[in-house]
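Below, each chain spelled out in residue letters.
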Amino acid sequence: MKRALVCGAGGFIGGHLVNRLKREGYWVRGVDLKENEYDNCPADEFVVGDLRDPQVVSKVVTSDLNEIYQLAADMGGAGFISTGINDAAIMHNSALINLNVLEETRIKGVKKIFYTSTACVYPEYNQMDPNNPKCSEDSVYPAEPDSEYGWEKLFSERMYLTYGRTCDMTVKVTRLHNIFGPMGTWNGGREKAPAAVCRKVAEAPDGGTIEIWGDGLQTRSFLLVTECVEGIRRLMESEDFSGPVNIGSEEMISMNDFAKLVIDISGKNLSIKNIEGPTGVRGRNSDNALIRKKLGWAPSQPLRAGVETTYKWIAAQVEAERAKKVVHAGPALAKHVA
Ligand code: NAD
């Protein structure tokens, strides 16, 4: 039985990855600052711990492991990474996690490690035209990511590749493009655009309005988490290819059109109001030429199918929150009336 460590198992993609590894018959240890918020982590062992602390890292990275998946990061959507106010924490926390985990992997002699980088490493100057962004893997230099989050990821992916070249270990690096799906952060400030739009639509009364940051003409592509995990496993199993490689969808859409798609799925009659807000680069889309060439595979699910599943899940969360508020408001309301 293969033994794997998933760092960031309390998070969105980490939780889905643990499920996948368990289905494949792995023994899995998860580690995170917190338990998985939606109980989506059937790990055999789960350690609540801070990977910035070398002692915690020494405890969870053990020499009996076959594989390590390093997904832990201080991250969130544009409201978290593109405002500037969290930049020092993002760089300090995520760099420390990567420095600690990678060095301990070398010390303990674990032979295979996977790292999730991001599309945010790509230079801003290639993503100014919303209809024609360039995100092929080799376009990353000269480097000019538009966020410190992207700079930290670029440093760390270089560090992983350096260990792969100079130490006795195989490394795999992917650049994920906007992953979404059920059991991901949907409120609280760290949610990413697809979840935020689904929440706004689910919360809006029929006939109402939802707000979209920017002019709504900025473009992105979004990939359902199950296909992301499929890509992660395929890259991990591949021979002689470390990456970095994009895992993302090539179905690009403007944010206003994405909002219209969610509204259509909801069956509500809503209008869109564009307001000022952090938007990141003007355009971004995955380029899947390299993953097709190296792995003979690329994500293929249509966006709409993933959004239908995700909207349904987020609408149910919104409904559950609303029900909780009604229960809480009940006694206070009763007192007021009395
Ligand atoms: P997430 O925030 O849900 O998961 C990250 C987890 O890391 C969280 O549960 C968090 O508690 C944990 N963590 C943070 N600091 C830690 C620490 N000091 N010690 C232990 N755990 C710590 O995010 P996600 O969407 O699941 O992303 C997983 C990885 O994929 C991240 O590295 C992220 O940067 C990368 N990525 C995600 C996307 C996306 O669209 N979701 C896109 C590109 C890259």
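Shown above is the structure to which this text applies.
Residues numbered from 1 in each chain as written. Predicted model: local features only at pLDDT ≥ 70, side-chain atom pairs only at ≥ 80, totals over all residues. Heavy atoms only, no water.

In this model, helix H8 (residues 255-266) (12 residues) spans 16 Å end to end at C-alpha, consistent with the 16 Å of a helix rising 1.5 Å per residue. H8 sits mainly inside the fold: 9 of its 12 residues count as buried. Where H8 is concerned, the buried positions are Met255, Asn256, Phe258, Ala259, Leu261, Val262, Ile263, Ile265 and Ser266. At the C-terminal side of H8, Gly267 shows a positive phi close to 80°. (Helix = DSSP H or I, 4+ residues; strand = E, 2+ residues; numbered from the N terminus. Expected span 1.5 Å × (residues − 1). Buried < 20%, exposed > 50% of the residue type's maximum accessible area, 1.4 Å probe, protein only.)

Our focus in this paragraph is empty space enclosed by the protein. For the structure on display, the rule yields 1 cavity of 30 Å³ or more. Here the largest cavity defines a volume of roughly 40 Å³. Together, Phe180, Phe222, Leu223, Leu224, Glu227, Ser249, Gln301, Pro302, Leu303 and Gly306 line the largest cavity. Among the secondary structure elements, those contributing two or more residues to the lining of the largest cavity are strand E10 (223-224) and helix H10 (303-337). Tallied by class, the residues present in the lining of the largest cavity amount to 6 nonpolar, 3 polar and 1 charged. (1 Å grid on protein atoms, 1.4 Å probe; cavity = no way out; pocket = protein on both sides within 12 Å on 5 of 7 lines; lining within 4 Å. Points joined across faces, edges and corners; volume = space filled by probe spheres on them. Nonpolar A, V, L, I, M, F, W, Y, C, P; charged D, E, K, R; others polar.)

Strand order in the open sheet formed by 7 strands is E3-E2-E1-E4-E5-E6-E11, with parallel pairing between adjacent strands. Each of the sheet's edge strands pairs with one partner strand only, and the pair in question is strand E3 (45-48) and strand E11 (245-247). Going from strand to strand, the sheet's axes swing by 20° on average, the running direction of each strand aside. The strands touched by helix H4 (residues 87-108) within the sheet are strand E1 (3-7), strand E4 (67-70) and strand E5 (112-118), with E4 carrying the most contacts at an inclination of about 175°. Together, E4, E5 and strand E6 (170-176) form the strand contacts of helix H5 (residues 148-166), whose direction differs from that of E5 by roughly 155°. (Pairing = 2+ DSSP bridges. Axes fitted to C-alpha atoms, helices over the stretch in contact; angles between N-to-C directions. Contact = heavy atoms within 4.5 Å.)

The final tally for this structure, using the stated rule, is 25 salt bridges. Of the charged contacts in the structure, one is a salt bridge between Asp74 and Arg190, with a shortest N-O distance of 2.8 Å. Of this pair, Asp74 sits in the loop between E4 and helix H3 (78-81) while Arg190 sits in the loop between strand E7 (179-180) and helix H6 (193-203), placing them 116 residues apart in sequence. For Lys111, the salt bridge identified is with Asp168, shortest N-O distance 3.4 Å. (Salt bridge = Lys/Arg side-chain N within 4 Å of Asp/Glu carboxyl O.)

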